[in-house]
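Summary of the model geometry
What follows is the residue order along each chain.
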Amino acid sequence: MLNGIDEIDWSRLGHAYGPADDVPGQLRALASADPGVRARARHELYGNIFHQGSRYEATAFAVPFLLELLADPDTGEPAELLELLVAIAIGYDESWLPDGLPVAEWRRRAAGGEALFAAAPRPGDDAYDEDEGDYAYFESLSEADQERLYAYVELAAYDAVRGGVPLFRALLTRPEPALRACAAYALAWFPEEGAGSVAALAAVAAADPDTELAPVVGTALAATGLLGVAPDAALLTDSRPAVRWGAAVGRARVLGAAADQATVDELMTWAAGAPEGPTGVPFLDGDLAGYAGLALRQIGPRHADQGFDVLLARIPAVSGIAALPVVEQALRLAFPDGPLPAGTPATELTERQRRLAEALAASPATWLIGGHSFANFGLLVGGYGLPHDPEGLASYLGEGTAARR
């Protein structure tokens, strides 16, 4: 197990906190018999080779060992390990949903990044600052070159995880439902391997009629859609809710504005709200209603009014992370031309913009996470030219009301 790990000079590789010489011990800890030791190692790896979504040179070097651990049936918490690998590959999935990963565009952006990264100082070099790492080098680059370099580092990590696709397909047959669902989820992000993955996912959907395995099937159907193949319309009438959800979002992804009414109806039902409690589906951390809300943008302007009404009605019922996809899609529908120009008075809002602003101003709990102000939500709303807190939004709308009198 982990043969070759000591042949890598980890001290010359960088991660979020400098030299990556702590990574071998963390990888070995993942094979520990102690669940606490394994959990601590995963936490540390999320912090150093995947720090707040960033990937580093050491990240791609760690991936083959993570895949080896995942392939070993004796490794504990394999689903959690696979979730780490997917995070390393793509970052946060909300960045790519509902459309999927644009790998060709990513590869285009990374062109030229390898040479730029090769010129960066490494731990142990005179030009490497032990406190700031290679920050000074990155800052010396143009904005375009910084984008190429970062895209290359992230793509190197992605391609390293891509090497595990055959393993992910094999994991679809393991007995643990959580691992099977996570394997289906992982396959969704590698469209260049789509032909073989779609066949493996189809086999899952056809072979698992049990209610207990509905999250596995629903995840497989959503993944199939992200890989460009529409699930069978007959699955929209399945007795299992998660299966109907997967069929609807998968079909919306592929069919777009040509989606049939049954697909649209199912999507609207889910966007209006989902049952409380764990779903067992990894996409968007199990937020099936949020994913359905995002998917509304794919079915075209013909259903925009209905979709907007559904989202507007849901706003008072969501808060925290769950509020983001609902309000993001509502904002897209209300502001098709982008943010309001600075200084736009409330009297110049369109009907749809005013309705959304009023719903947000009347729902202060929607702006909170854990009972506290949620900065990311305020930034989302403010990004469209509206005040970034409910009090400011209410005042803004009040000024518009007074102006109309």
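Above this note sits the structure.
Description of the structure in this document. This one's a predicted model, so the numbers in the text were calculated from it and none came from an experiment.

Reading guide: rules and limits
- Residues numbered from 1 in each chain as written.
- Predicted model: local features only at pLDDT ≥ 70, side-chain atom pairs only at ≥ 80, totals over all residues.
- Heavy atoms only, no water.
- Axes fitted to C-alpha atoms, helices over the stretch in contact; angles between N-to-C directions.
- Helix = DSSP H or I, 4+ residues; strand = E, 2+ residues; numbered from the N terminus.
- Parallel < 35°, antiparallel > 145°, perpendicular 65-115°, else oblique.
- Left-handed = near helix turned anticlockwise from the far one by under 90°.
- Contact = heavy atoms within 4.5 Å.
- Nonpolar A, V, L, I, M, F, W, Y, C, P; charged D, E, K, R; others polar.
- Expected span 1.5 Å × (residues − 1).
- Buried < 20%, exposed > 50% of the residue type's maximum accessible area, 1.4 Å probe, protein only.
- Salt bridge = Lys/Arg side-chain N within 4 Å of Asp/Glu carboxyl O.
- Core = buried A, V, L, I, M, F, W, Y, C linked by side-chain atoms within 4.5 Å.
- Phe/Tyr/Trp six-rings, centres within 6.5 Å; stacked < 30°, edge-to-face > 60°.
- Lys NZ or Arg CZ within 6 Å of the ring centre and 35° of its normal.

Now for the packing of helix α16 (residues 304–314) against helix α18 (residues 351–361). Two elements in contact, α16 and α18, have axes separated by 11 Å at closest approach and are oriented at 15 degrees. Between α16 and α18, the interaxial angle falls into the category roughly parallel. The way α16 lies across α18 gives a crossing that is left-handed. For the pair formed by α16 and α18, the contact residues are A304, D305, F308, D309 and L312 on the first element and R352, R355, L356 and A359 on the second. Residues belonging to the contact of α16 with α18 are distributed by class as follows: five nonpolar, no polar and four charged.

Let us look at helix α2 (residues 35–48). Its 14 residues place the ends of α2 20 Å apart at the C-alpha level, agreeing with the 20 Å of an ideal helix rising 1.5 Å per residue. Of all the positions in α2, only R38, A41, R42, L45, G47 and N48 are classed as buried. The inward-facing, buried residues of α2 abut β1 (14–15), α1 (23–29), β3 (50–51), α3 (57–71) and α4 (78–90).

Because an α-helix completes one turn every 3.6 residues, residues spaced three or four positions apart along the sequence face the same direction. Taking 1.5 Å of rise per residue, 13 residues should cover 18 Å, and helix α12 (residues 214–226) covers 18 Å from first to last C-alpha, within 8% of that figure. Counting buried residues in α12 gives 13 out of 13 residues, a clear majority hidden from the surface.

Inspection of the entire model under this criterion finds 23 salt bridges. Between D125 and R12 there is a salt bridge, and its shortest N-O distance comes to 2.7 Å. You can see D125 sitting in the loop between α6 (113–118) and α7 (135–140) and its partner R12 sitting in the segment before β1, a full 113 residues away along the chain. For the salt bridge of R162 with D159, the shortest nitrogen-to-oxygen distance reads 4.0 Å. Of this pair, R162 and D159 both sit in helix α8 (residues 143–162), separated by three residues, roughly a single helical turn. Taking relative accessible area as the criterion, D159 reaches 30% and is therefore assigned partly exposed. Beyond isolated ion pairs, a larger network of salt bridges with shared partners links R107, D159, R162, E192 and E193.

Residues L27, L82, F168, W189, W245, F283 and L356 are the most contacted members of the largest nonpolar core, which totals 131 residues. Among the elements that line this core, the one with the most residues is α4, at 10 residues. Residue contacts for L27: discarding those within four places in its chain leaves L2, I5, W10, L45, A62, F65, L66 and L69. Within the second largest apolar cluster, eight residues are counted, among which are L116, F117, A120 and L149.

The next point concerns the packing of aromatic side chains. Counting across every chain of the model gives 17 aromatic pairs. Pairing F50 with Y92 gives two aromatic rings, centres 5.6 Å apart and planes at 65 degrees, and the pair type is edge-to-face. With a gap of 42 residues between them, F50 in strand β3 and Y92 in the loop between α4 and α5 (103–110) connect regions that are remote in the sequence. Looking at F50, the relative accessible area reads 3%, which means it is buried. With centroids separated by 5.3 Å and ring planes inclined at 80 degrees, the aromatic side chains of W245 and Y291 adopt a geometry described as edge-to-face. Of this pair, W245 sits in helix α13 (residues 241–255) while Y291 is found in helix α15 (residues 288–295), placing the two residues 46 residues apart along the sequence. By relative accessible area, Y291 is classed as buried at 1%. The structure contains a cluster of three or more aromatic residues connected by ring pairs, namely W96, W106, Y158, F168 and F190. Between R122 and the ring centre of F117, over which it is positioned, the NZ or CZ distance is 4.7 Å.

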